Amino acid sequence: MFSVLKKITKIGIISEKIIQLTPQDEDFKQLGLALKTQISKHFSGSVAIRAVDSGSCNGCELEIHAINNAFYNAEQYGIHFVASPRHADILLVTGTVSKHMEEALLRAYQAMPDPKWVIAVGECGINGGIFGENYATLGGVSKVLPVDLHISGCPPTPTQLLQGILTLLSQAK
Amino acid sequence: MSDNTWQQILFTELKRLNITYKSQQLQYLTLSIDATDWSKISNVLRGLEARFSGVWGDVLRTNIDVYALFSLEQHYLLVKTNLPEPPFSLPSISTCYPAANRMERHMRDLLGVELQDSPDDRRWTRHQAWKDKEYPLHENFPIKRTSYKKTDGDCKYPFFQTQGSSVCEVPVGPIHAGIIEPGHFRFQVIGETVLNLEQRFGYTHKGIEKIAIGKTPAQLLKLAARVSGDSSVANTWCAAMAIETASNVKVPERAIYLRAILLERERIANHIGDIGGICNDVGFAFAHHQTARLRELWQRTNAQIFNHRLLMDTIVIGGVANDINPDQIQSLLQELDTISRDFDQFIDIIQDYPSLEDRLATTGFLPHGTAKALGCLGYVGRASGIDVDVRRNNSYPPYDKYKVQHVLHSDGDVLSRLQVRVEETRSSFKLLSALLHGLASGDIVNSKITLLPNSQALGIVAAWRGEMLAFIRLDDRGNIARYYPRDPSWLNWPALEALIDDNIIADFPVCNKSVNGSYSGVDL
Ligand code: SF4
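Residues numbered from 1 in each chain as written. Chains lettered and ligands numbered in written order. Predicted model: local features only at pLDDT ≥ 70, side-chain atom pairs only at ≥ 80, totals over all residues. Heavy atoms only, no water.

### Observations regarding the sheet that holds strand 13 (residues 456-463) of chain B
All names here are of chain B.
Working step 1: Pairing in this open sheet of three strands is antiparallel, and the strands run 13-14-15 from one edge to the other. Two strands in the sheet have a free side with no partner beyond their single neighbour: strand 13 and strand 15 (480-486). Averaged over all adjacent pairs, the angle separating strand axes in this sheet is 15 degrees, with direction ignored.
Working step 2: The sheet contact formed by strand 14 (residues 466-474) and strand 15 spans six bridges and is antiparallel. Counted as the bridge partner of Phe 471 is Tyr 484 from strand 15.
Working step 3: In the packing of helix 6 (residues 232-246) onto the sheet, contacts are made with strand 13, strand 14 and strand 15, and the angle to strand 13 comes to roughly 150 degrees. (Pairing = 2+ DSSP bridges. Helix = DSSP H or I, 4+ residues; strand = E, 2+ residues; numbered from the N terminus. Axes fitted to C-alpha atoms, helices over the stretch in contact; angles between N-to-C directions. Contact = heavy atoms within 4.5 Å.)

This is the structure we're talking about:
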């Protein structure tokens, strides 16, 4: 018990602000500042994300996991991941949309309450990436769902993911 | 047993049973046999306690070659047969090697090999994206469909049923509660206790084997890096090794070291992350946050020094993409020192938690016999006393120069699998340090590469999940004619079905995490 507390205090708070992650990016400084207000205004202080893998290589999942680690700490912006699409504001979709996931993805989207947004993650989410469009894949999330924002990268870095989510939030009215 | 004794015993057995074969000493001892003897030979091999490693097919214009890889007395043995014409029937070997079942069904769904006497020949990789009796790997199957029609869910898949007045069924997935890959788990439970679990995968099937056809070797490596994002280095090395072996490409020593450094870094990242994940699944969030922190630091170094957080695209044909300079070696060594110390301290803390041990010990027990019958690999096998580590048993450069620590446990529960991963992480720390210190000088890539058309070979690498294979055949222009990557998860997923029996359903997440198979790696 004490060893745990000792370790926790010794490491201290390591969470980084988005400004620290993108020091060269002036726009982001503004975004970071404006964001708290946006989230409190439009999402009552917190925004709920449901992540769905529609046929990824799992690389994108690893990086989405990373935005929840202590460094990126997505919760500091009021962003949290939920287990059910019924609780979600945003559907964060990775993968090229395999035909075998098409139905499940649609149903997850339909289960979300309005208003709702869709973010397509990674090159796969944009246009199928390296897998493209073939007999087993549709080649991009926008083939099945109305996509509000694309986040590129293979996989996108946690910073890119955060930037993307924050951009969407700042636009959402 | 010496090189020849095992072969002699095998040949005597084959003779006794009147099995005719042609034997060739290619990359591995290869026996070509008649398809009618296919299951007979696997019975012989099982009698000799050979380990089953994989079965796959290769469509040549109008006929199909089928291969099965076994390991006997730590020597690989490739058995091959040719199916000259439709209906391409082949006796199933899943009765004597249950682990072959899903691979056989995959081969049937994609290549149209009809299995005779299979104990279970339901569709596996195929859901509803293409029809029964259509085979994506056949030449006349178009890579792209012209018309778009929505694909329905595979709702009518015939799951096994368990009847009984108090039995209830719990369907889970394909979309799970967490941020993980899709797959379906069908539980039959009585109260909280799991009577039976059946897995159903194929949701992330992306046509990898089909789109690989016609790619240049360089393009293929990019694809291989994305077969399973968490095993990017392993898959790429495996594919590169197959192509290099087929074409006799020599890889400079420095590049081989760098590949091993990358592979060990991948192993450590995944082990560390999963150790925390396992603890988190029994509610010990502290551990999860600590390992996520370590993993993040590790991945940042990956990005800084190797240009990619998950080390994708770091291996190229004939070598590696980037060199490291002496300063970078120093900083890698320094990082190794801090992270391994941090890790040790963390492990000391969690090992001092009786309540954690209480939750993990005896949970998800996989008996040695079951693990052996299923041919389990990596930490799943090693926690149940199955000693398979390609780095030691069938060592390849640069591992042949090092003594890779022997990590073996026998309790077979979640705790053992966790311990194996802790010890493997430590052993990889040591290995990394040795590799960095021993890094040979010279080129990082062979600049004079000629690919041998119509050649083929296997790549075998010790991925963090265990032995990984890639079979590659080049066409007459030196492009890819066949690529089959066999992730170790093929042999470990069935273990999860076995080890969950009699556990409470609430322990499924931790049991699942302790196996942590790849979905993408097997759905292909
Ligand atoms: S974008 Fe890249 S990392 Fe993400 S799922 Fe696709 S291949 Fe994998």
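### A word on the sheet that holds strand 2 (residues 29-33) of chain B
Residues and elements named next belong to chain B.
Working step 1: The sheet built from five strands is open, its strands ordered 1-2-5-4-3 with mixed pairing. Edge positions in the sheet fall to strand 1 (21-25) and strand 3 (51-60), since each of these pairs with one other strand and no more. Ignoring which end each strand starts from, the neighbouring axes of this sheet average 20 degrees apart.

### Examining the layout of surface pockets
All names here are of chain B.
Working step 1: Put simply, the second largest pocket is a space of about 540 Å³.
Working step 2: The wall of the second largest pocket is formed by 25 residues, among which Glu 49, Ala 50, Arg 51, Ser 71 and Lys 372 lie closest to the centre.
Working step 3: Within the residue set of the lining of the second largest pocket, elements represented by two or more residues are strand 3, strand 4 (63-72) and helix 11 (368-374).
Working step 4: Among the elements that take part in the lining of the second largest pocket, helix 11 stands out by supplying four residues, more than any other.
Working step 5: Here the residues of the lining of the second largest pocket sort into twelve nonpolar, seven polar and six charged.
Working step 6: Residues from two domains meet in the lining of the second largest pocket; each of domain 1 (5-116) and domain 3 (208-317 + 325-523) gives at least three. (1 Å grid on protein atoms, 1.4 Å probe; cavity = no way out; pocket = protein on both sides within 12 Å on 5 of 7 lines; lining within 4 Å. Points joined across faces, edges and corners; volume = space filled by probe spheres on them. Nonpolar A, V, L, I, M, F, W, Y, C, P; charged D, E, K, R; others polar. Domains from an automatic or database assignment.)

### Quick look at the site of the ligand
Working step 1: Residues in contact with the ligand, as listed here, are Ser 56, Cys 57, Gly 59, Cys 60, Gly 122, Glu 123, Cys 124, Gly 153, Cys 154 and Pro 155 of chain A together with Arg 226 of chain B.
Working step 2: Near the ligand, residues from chains A and B are present, making the site a shared one.
Working step 3: Given that more than half its atoms are within 2 Å of the pocket grid, the ligand belongs to the second largest cavity.
Working step 4: Of all the secondary-structure elements, those providing two or more residues to the shell around the ligand are helix 4 (59-66) and helix 6 (122-127) of chain A.
Working step 5: The biggest single contributor to the shell around the ligand is helix 6 of chain A, with three residues.
Working step 6: Its residues assigned to classes, the shell around the ligand shows five nonpolar, four polar and two charged. (Near = heavy atom within 4 Å. Sits in = over half its atoms within 2 Å of the grid points.)

### Comments concerning the nonpolar core
Residues and elements named next belong to chain B.
Working step 1: Counting 180 residues, the largest nonpolar core has Leu 45, Phe 52 and Tyr 483 as its most contacted members.
Working step 2: Among the elements that take part in this core, helix 7 (residues 253-280) stands out by supplying 14 residues, more than any other.
Working step 3: For Leu 45, the contacting residues outside a window of four places in its chain are Leu 10, Ala 50, Phe 70, Leu 72, Leu 77, Val 79 and Tyr 97. (Core = buried A, V, L, I, M, F, W, Y, C linked by side-chain atoms within 4.5 Å. Buried < 20%, exposed > 50% of the residue type's maximum accessible area, 1.4 Å probe, protein only.)

### Focus: the pairing of strand 13 of chain B
The two faces of the sheet receive side chains in turn, since in a regular strand these alternate between them.
Residue and element names in this part refer to chain B.
Working step 1: Of all eight residues making up strand 13, seven are buried, and the element is well covered by its neighbours.
Working step 2: In terms of strand pairing, strand 13 meets strand 14 through eight bridges, oriented antiparallel. Of the residues in strand 14, the one forming a bridge with Leu 458 is Phe 471.
Working step 3: If you look at the hairpin formed by strand 13 and strand 14, you'll find two residues sitting between the two strands.

### Concerning the pairing of strand 10 (residues 193-200) of chain B
Residues and elements named next belong to chain B.
Working step 1: One ladder, built from seven bridges, connects strand 9 (residues 184-190) with strand 10; its direction is antiparallel. Residue pairing for strand 10: Phe 187 is matched across the bridge by Leu 197.
Working step 2: The antiparallel pairing of strand 9 with strand 10 creates a hairpin that spans two residues between the two strands, and Gly 191 there sits at a positive phi of about 60 degrees.

### Some remarks on helix 5 (residues 99-111) of chain A
Residues and elements named next belong to chain A.
Working step 1: Its 13 residues give helix 5 an end-to-end C-alpha distance of 19 Å, which sits within 8% of 18 Å, the value for a rise of 1.5 Å per residue.
Working step 2: Of all the 13 residues making up helix 5, eleven are buried; the element is thus mostly covered by neighbouring parts of the structure.
Working step 3: For helix 5, the complete set of buried residues consists of Lys 99, His 100, Met 101, Glu 102, Glu 103, Ala 104, Leu 105, Leu 106, Ala 108, Tyr 109 and Ala 111.
Working step 4: Tucked into the core, helix 5 has its buried residues touching strand 1 (47-53), strand 3 (90-94) and strand 4 (117-121). (Expected span 1.5 Å × (residues − 1).)

### Digging into the interface of chain A and chain B
Bring the parts together and some accessible area is lost; that lost area is often taken as the interface size.
Working step 1: Listed per partner, the contact involves 54 residues of chain A and 62 residues of chain B.
Working step 2: Taken together, both faces of the contact between chain A and chain B bury some 4700 Å²; the carbon and sulfur share is 63%.
Working step 3: Scanning the region where chain A abuts chain B turns up four salt bridges.
Working step 4: Between Glu 63 of chain A and Arg 309 of chain B there is a salt bridge, and its shortest N-O distance comes to 2.5 Å.
Working step 5: On the surface where chain A and chain B come into contact, there are 29 residue pairs in polar contact (both at pLDDT 80 or more). (Buried area = accessible area lost by both parts, 1.4 Å probe. Salt bridge = Lys/Arg side-chain N within 4 Å of Asp/Glu carboxyl O. Polar contact = N/O pair within 3.5 Å; in protein donor to acceptor, adjacent residues only side chain to side chain.)

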